[in-house]
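# Geometric and topological summary
Next come the chains, spelled out residue by residue.
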Amino acid sequence: MLRKCPFAPDEYYHVYNRGVDRRDVFLCPKDKERFLVLLYVCNSKNPVRIQKHLDQGRPLVGMFSLERGETLVDVGAYCLMPNHFHLLLRERVAGGITEFMRKVITAYTMFFNKKYARQGVLFQGAFKAHHVDSDDYLRYIFSYIHLNPIDIIFPGWTEAPDREHKSHIKKHLETFPFSSLWDYARDVVRSESAILNRGSFPDYFTRRAHLDAHLDDYLVLCGRFSWL
């Protein structure tokens with residue numbers, strides 16, 4: 001079946017999916033850690049068997065140093081929420097996004113079903129994708145992905161802005177371990193930073209002040225937190 005959004009090399013895409021019947025697909029931090037590892041190791045033309053390396057005593061975090069060979073996509077941003085995920089991808093080779101997502105979804109579903117003794121599909125049909133075809137849209141998607149975790153600590157934030165939450169929310173966003181904002185906003189380099197290919201995306205946020213201003217502008221633009 002042809003996609004409404006065909007993929008092409010060197011183009012940017014917002015890719016996302018949620019659990020079937022809106023069920024949670026990440027039930028604990030270890031599940032999210034596994035998915036992040038898959039974002040790294042599955043981004044390769046070569047097959048990678050995670051279990052093989054785990055059986056050899058390599059810790060899960062050690063997977064981020066594995067040699068992958070030629071990659072399929074560039075990852076510019078990501079965020080994992082309890083029942084869905086968001087990715088900002090650039091296709092490197094023809095068919096790269098499709099192959100990358102097939103590997104990630106298949107591997108994670110097999111892991112999840114075995115761990116929780118279930119069967120069947122885990123995600124809601126084929127993954128969704130939108131072509132990011134302008135600079136403004138790219139900036140918007142970058143912010144949209146990274147602002148998702150606000151819902152975890154402040155449900156209904158779009159309808160009930162409150163000045164006193166500002167510093168708490170910003171700290172939460174920047175320290176949320178399952179989003180790539182950590183790697184843009186903080187000076188600490190972590191193993192998960194290997195997921196990103198920042199050099200393949202416009203260099204909007206080389207300075208912390210630029211990043212802060214951009215996120216604030218997006219919140220104000222949406223009519224949320226007009227107090228910023």
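For the structure, see preceding data.
Described below are features of the structure shown in this document.

This paragraph deals with the overall build of the protein chain. A tally of regular secondary structure across the protein chain gives 8 helices and 4 strands. The order of helices and strands in the protein chain, counted from the N terminus, is β-α-α-β-β-α-β-α-α-α-α-α. Out of the 228 residues belonging to the protein chain, those deemed buried represent 48%. For the protein chain, long-range pairs separated by at least 24 residues make up 72% of all intrachain contacts whose partners lie at least 6 apart in sequence. Of the accessible surface of the protein chain, which amounts to about 11,700 Å², a share of 52% is contributed by carbon and sulfur atoms.

We now examine unusual backbone geometry. With a phi angle near 60°, R22 is a residue other than glycine that sits in the positive phi range. Here R22 shows up in the loop between β1 (12-18) and α1 (29-41). Phi angles above zero are rare outside glycine, and A117 is one such case at about 50°. Along the chain, A117 turns up in the loop between α3 (96-115) and β4 (128-132).

A word on the sheet that holds β4. Ordered by their spatial adjacency, 4 strands build an open sheet running β2-β3-β1-β4, and the pairing between neighbours is antiparallel. Looking along the sheet, the strands with just one partner apiece sit at the ends: β2 (73-81) and β4. Each strand of the sheet is rotated relative to its neighbour by a mean of 15°, with strand direction disregarded. With 7 bridges joining them, β1 and strand β3 (residues 84-91) adopt antiparallel strand pairing.

The next thing to look at is the packing of aromatic side chains. Scanning the model with the defined rule gives 17 aromatic pairs in all. Considering the side-chain rings of Y108 and F112, the 6.0 Å spacing of their centres and the 40° angle between planes classify their relative orientation as tilted. In this pair, Y108 and F112 both sit in helix α3, 4 residues apart, roughly one turn of the helix. For the pair shown, Y108 and F112 are each scored as buried. Cluster of aromatic residues (ring-pair linked, three or more members): F26, F35, F85, Y108, F111, F112, Y116 and F123.

Quick look at the nonpolar core now. Ranked by size, the top nonpolar core spans 66 residues in total, and within it F100 and M101 carry the most contacts. When residues of this core are assigned to their parent elements, the largest contribution, 8 residues, is made by α3. If near-sequence neighbours (up to four positions away) are discounted, M101 is found in contact with V15, F85, L87, L89 and F127.

In an α-helix, one full turn covers 3.6 residues, which means residues spaced three or four apart are oriented alike. With 20 residues, α3 ought to run about 28 Å at 1.5 Å a step, and its terminal C-alpha atoms sit 28 Å apart, in line with that. Within α3 the residues assigned to the buried category are G96, I97, F100, M101, K103, V104, I105, Y108, T109, F111, F112 and N113. Turning to α3, the residues buried within the fold contact β1, α1, β2 and β3. At the exit of α3 stands A117, carrying a positive phi of roughly 50°.

Before going further, it helps to spend a moment on the side chain of R90. The residue R90 is located in strand β3 in this model. The class of R90 is buried, set by a relative accessible area of 15%. Setting aside chain neighbours within four positions, we find R90 in contact with D10, E11, Y12, V73, D74, S200 and F201.

Here the focus is the pattern of salt bridges. Under the criterion given, the structure shown has 9 salt bridges. Residue K30 pairs with E33 through a salt bridge whose shortest N-O separation is 3.5 Å. Here K30 and its partner E33 are both found in helix α1, 3 residues apart, which amounts to about one turn of the helix. Judged by relative accessible area, which is 53%, K30 ranks as exposed. When its relative accessible area of 28% is taken as the criterion, E33 is described as partly exposed.

Following the sequence through the fold, K103 ends up in helix α3. As a buried residue without a salt bridge, K103 has its nearest oppositely charged side chain in E99, at a separation of 5.0 Å. Leave out the neighbours within four places in its chain, and K103 touches C42, S44, N46 and L72.

Reading guide: rules and limits
- Residue numbering note: each chain is counted from 1, following its sequence as written.
- Per-residue local features are limited, in this predicted model, to residues with pLDDT of at least 70; the limit for side-chain atom pairs, both in listing and counting, is 80 or more; totals at the level of whole chains, interfaces and linings are taken over all residues.
- Excluded from the side-chain calculation are hydrogens and water; included are all heavy atoms of the structure.
- The helix and strand labels rest on DSSP assignments: H or I over at least four residues marks a helix, E over at least two residues marks a strand, and numbering proceeds from the N terminus.
- Under the scheme applied here, a residue whose accessible area is under 20% of the maximum for its type counts as buried, over 50% as exposed, and between as partly exposed, the area being computed with a 1.4 Å probe on protein chains only.
- Throughout, a contact is declared for two residues whenever any of their heavy atoms are within 4.5 Å.
- Only the protein chains shown count as cover for residues, and the accessible areas themselves come from Shrake-Rupley with a 1.4 Å probe.
- Think of it this way: DSSP has to see at least two bridges between two strands before they count as a pair.
- Lines fitted to C-alpha atoms define the axes, with helix axes restricted to the stretch in contact, and inter-axis angles between N-to-C directions lie between 0 and 180 degrees.
- The criterion for an aromatic pair is that two Phe, Tyr or Trp rings (for Trp, the six-membered ring) have centres within 6.5 Å, with stacked assigned to planes under 30 degrees apart, edge-to-face to planes over 60 apart and tilted to the rest.
- What we call a nonpolar core is a set of buried Ala, Val, Leu, Ile, Met, Phe, Trp, Tyr and Cys residues that are connected through their side-chain atoms within 4.5 Å.
- By this rule, a helix spans an expected 1.5 Å times one less than how many residues it contains.
- One speaks of a salt bridge when a side-chain nitrogen belonging to Lys or Arg is within 4 Å of a carboxyl oxygen belonging to Asp or Glu.
- Counted as positive: Lys and Arg. Counted as negative: Asp and Glu. His and the chain ends are not counted at all.

Just distances and angles here, no functional claims.
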